[in-house]
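The chain contents come next:
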Amino acid sequence: MSLLTLICARSNSKGVKNKNIKQFNKKPLIYYSIKQALKSKYIKEVFISTDSNKISKICKEHGAKVKFIRNKKLARDNTPELDVWKDAILRLQKINNKKYTHLCVIPVTSPLRTTNDIDK
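Note that the coordinates shown come from a computational prediction; the quantities given were computed from them, not determined experimentally.

Novice: Residue-level account of the pattern of salt bridges, with values.
Specialist: Should their charged atoms come close, side chains of opposite charge can pair. One pass over the structure, following the stated rule, counts 5 salt bridges. Residues Arg-10 and Asp-77 are paired through a salt bridge, measuring 2.6 Å at the closest nitrogen-oxygen approach. With Arg-10 in the loop between strand 1 (3-8) and strand 2 (23-24) and Asp-77 in the loop between helix 2 (53-61) and helix 3 (81-96), the pair connects residues that are 67 residues apart, well separated along the chain. Of the residues examined, Asp-77 reaches a relative accessible area of 46% and is grouped as partly exposed. A salt bridge links Glu-61 to Lys-57, with the shortest nitrogen-to-oxygen separation between them at 2.9 Å. On the criterion of helical spacing, the pair formed by Glu-61 and Lys-57 is a turn pair, its members being 4 residues apart in helix 2. There is no split in this pair, since Glu-61 and Lys-57 are both exposed.

Dropping the structure here:
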């Protein structure tokens, strides 16, 4: 099994401005998804799909890998998340020279999820 773990975090959210990096309990919201995923017994590395250099920098500081900056046309309010996943899979397979057989997408907006939830 070759698992690709992906966190999608675009900038300019409509509801809450910059929600993915807003402070939650003194940490950026995205921090919790990265740390929970990295503690999983199944996940070796976490990749980020983002259109933001600022989000990219924060994610790298917390142990995630950002191999590309997402195209702005895949960061619109009406962009289907499936299109973002497909783009990330294709790009990361090429960049990492690896064929992924499984995809695990970790939402940013669930900071109270646990690593045990991910493993289940």
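The rest of the description comes next.
Novice: Pulling in residues and values, what's your account of the nonpolar core?
Specialist: Note on soluble globular proteins: their nonpolar side chains tend to be buried together. Counting residues in hydrophobic clusters, the biggest one holds 19 residues, and the most contacted among them are Ile-7, Ile-30, Ile-34, Val-46, Ile-48 and Cys-59. Those elements that place two or more of their residues in this core are helix 1 (29-38) and helix 2. Considering every element that reaches this core, the biggest residue donor is helix 1, with 4 residues. If we skip the residues at most four places from it in the chain, Ile-48 touches Leu-6, Ile-7, Ile-30, Ile-34, Cys-59, Ala-64, Lys-65 and Val-66. In this structure, Leu-4, Leu-74, Ala-88 and Tyr-100 belong to the second largest nonpolar core, which totals 10 residues.

Novice: Describe helix 3, and please don't skip the residues or the numbers.
Specialist: Counted at 1.5 Å a residue, the expected span for helix 3 with its 16 residues is 22 Å, and the 22 Å between its end C-alpha atoms agrees. Among the residues of helix 3, those classed as buried are Val-84, Asp-87, Ala-88, Leu-92 and Gln-93. The secondary structure elements touched by the buried residues of helix 3 are strand 1 and strand 4 (47-49). Phi turns positive, to about 50°, at Asn-97, one or two residues after helix 3.

Novice: I'd love a proper account of the sheet that holds strand 4, names of residues and values included.
Specialist: Pairing is parallel across the open sheet formed by 3 strands, whose spatial order is 4-1-5. The strands lining the two open edges of the sheet, one partner per strand, are strand 4 and strand 5 (102-105). Neighbouring strand axes in the sheet, compared pairwise and without regard to direction, differ in orientation by 35° on average. Here 4 bridges tie strand 1 to strand 5, and the two strands are oriented parallel to one another. Counted as the bridge partner of Thr-5 is Cys-104 from strand 5. Across the sheet, helix 3 is in contact with strand 1, strand 4 and strand 5; its angle to strand 1 comes to roughly 130°.

Cut-offs applied
- Residues numbered from 1 in each chain as written.
- Predicted model: local features only at pLDDT ≥ 70, side-chain atom pairs only at ≥ 80, totals over all residues.
- Heavy atoms only, no water.
- Salt bridge = Lys/Arg side-chain N within 4 Å of Asp/Glu carboxyl O.
- Helix = DSSP H or I, 4+ residues; strand = E, 2+ residues; numbered from the N terminus.
- Buried < 20%, exposed > 50% of the residue type's maximum accessible area, 1.4 Å probe, protein only.
- Core = buried A, V, L, I, M, F, W, Y, C linked by side-chain atoms within 4.5 Å.
- Contact = heavy atoms within 4.5 Å.
- Expected span 1.5 Å × (residues − 1).
- Pairing = 2+ DSSP bridges.
- Axes fitted to C-alpha atoms, helices over the stretch in contact; angles between N-to-C directions.

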